[in-house]
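# Structural features, examined
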Amino acid sequence: MPNDAFASQIVTDLFAASRQANEATRAAVADSLPSAAARILACCERGHKMLACGNGGSAGDAQHFASELVNRFERNRRALAAISLVTESSTLTAIANDAGYDRVFSRQIEALGQTGDVLLAISTSGHSPNVVTAIDAAHERGLSVIALTGRDGGRMAEQLNGDDIELRAASDVTARIQEMHLLIIHCICRLIEDAIAAED
C-alpha cells in the first residue's frame, strides 16, 4: 500500500477526475436525457418492453437498469417491462458455443425483440462486437436504440440512426465512463418516476 499522504492524494485526484467527468458529461447529455427517459416510458406504457445489454461492468449496468424498471428506483409505482440480456447463463453459453460470442445478445433480440421495443446498448468503448451486433439486430427487428457510450462513441455511434439516442460519457477513462453511465441510468429512472407520479 502507498503511504498515507500518497494514498490521500490518489483519492483526491480520483474524486477530482470524477467531478470533471461529471460536469463535462452533464453538459453533453443534458438535452438528450429527458428524451431518453420519455422514450423508455412511452415504450413501456404502449405495452412494449426494454431490453438491455453490455459486457463486464456494463453488464452490471444492464442488470441494474432492468431491475430499477421492473421493481422501483426511489418510488413505489407500477412495474415497467424490462429484460437484461446478460443474466441467463444457459442461453449465453449456448449461443456463444454454437454461434460465437459476438451473437450472444443479437440472438436473444431475434427471439424476444418486437417492433416498438427499445434496446439499451452499453459499451464504454463503443466497439464491443456483441453490442454492435445487437444494435444491428435491434434495427432489423424494428427496435429503437438508446446507446450509452464513451470516448468518441466508437462503432456504435456510427451505426445509430436518426431515431436512436446516444448518451456519451465525456471521458476517455473506463472507470469514469462507468461512473457516468450509472449516473445517467439513475437520472433516467428518476425522470421516469417523476413522470409517472405526475400522471397519477
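So, here's what we can say about the structure. Note that the structure is a prediction, hence the values are computed from the model and not measured.

### Notes on the overall build of the protein chain
On a plain count of helices and strands, the protein chain comes out with eight helices and five strands. Reading the protein chain from its N terminus to its C terminus gives the helix and strand order α-α-β-α-β-α-α-β-α-β-α-β-α. Relative to its length of 200 residues, the protein chain is compact, with a C-alpha radius of gyration of 17 Å against a globular reference of 16 Å. Each principal axis of the C-alpha distribution contributes one length, and for the protein chain these read about 55 × 45 × 30 Å. Here the protein chain holds 200 residues, and the buried ones make up 44% of them. Counted over contacts in the protein chain with a minimum sequence separation of 6, partners at least 24 positions apart contribute 70%. Accessible area of the protein chain: about 9,700 Å², with a carbon and sulfur share of 50%.

### Points about a nonpolar patch on the surface
Together, Phe6, Ile10 and Leu14 give the surface a local cluster of nonpolar side chains, amounting to about 270 Å² of exposed area. Topologically, Phe6 is positioned in helix α1 (residues 4–29).

### A look at the environment of His127
Tracing the chain through its elements places His127 in the loop between β3 (118–122) and α6 (129–140). With a relative accessible area of 41%, His127 lands in the partly exposed category. In sequence terms His127 and Tyr101 are 26 residues apart; their C-alpha atoms lie 14 Å from each other. Not counting the four nearest positions on each side in its chain, His127 is found in contact with Val132, Gly154 and Arg155. A polar contact is formed between the side chain of His127 and the backbone nitrogen of Arg155, at a distance of 3.3 Å.

### Looking at the sheet that holds strand β5 (residues 165–168)
Across the sheet, five strands lie side by side as β2-β1-β3-β4-β5; this open sheet has parallel pairing. Two strands lie at the open edges of the sheet, namely β2 (82–84) and β5, each paired on one side alone. Across the sheet, the mean angle separating the axes of adjacent strands is 15° when strand polarity is ignored. Bridge count for β3 against strand β4 (residues 144–149) is five bridges, and the pairing is parallel.

Cut-offs applied
- Residues numbered from 1 in each chain as written.
- Predicted model: local features only at pLDDT ≥ 70, side-chain atom pairs only at ≥ 80, totals over all residues.
- Heavy atoms only, no water.
- Helix = DSSP H or I, 4+ residues; strand = E, 2+ residues; numbered from the N terminus.
- Rg over C-alpha atoms; globule rule 2.2 N^0.38 Å.
- Buried < 20%, exposed > 50% of the residue type's maximum accessible area, 1.4 Å probe, protein only.
- Contact = heavy atoms within 4.5 Å.
- Areas by Shrake-Rupley, 256 points an atom, 1.4 Å probe, with all protein chains shown as cover.
- Patch = residues over 30% accessible without salt bridge, like charges linked within 9 Å, V, L, I, M, F, W, Y side chains within 5 Å.
- Salt bridge = Lys/Arg side-chain N within 4 Å of Asp/Glu carboxyl O.
- Polar contact = N/O pair within 3.5 Å; in protein donor to acceptor, adjacent residues only side chain to side chain.
- Pairing = 2+ DSSP bridges.
- Axes fitted to C-alpha atoms, helices over the stretch in contact; angles between N-to-C directions.

Note that every value here comes from positions in space, so none of it alone points to a role or purpose.
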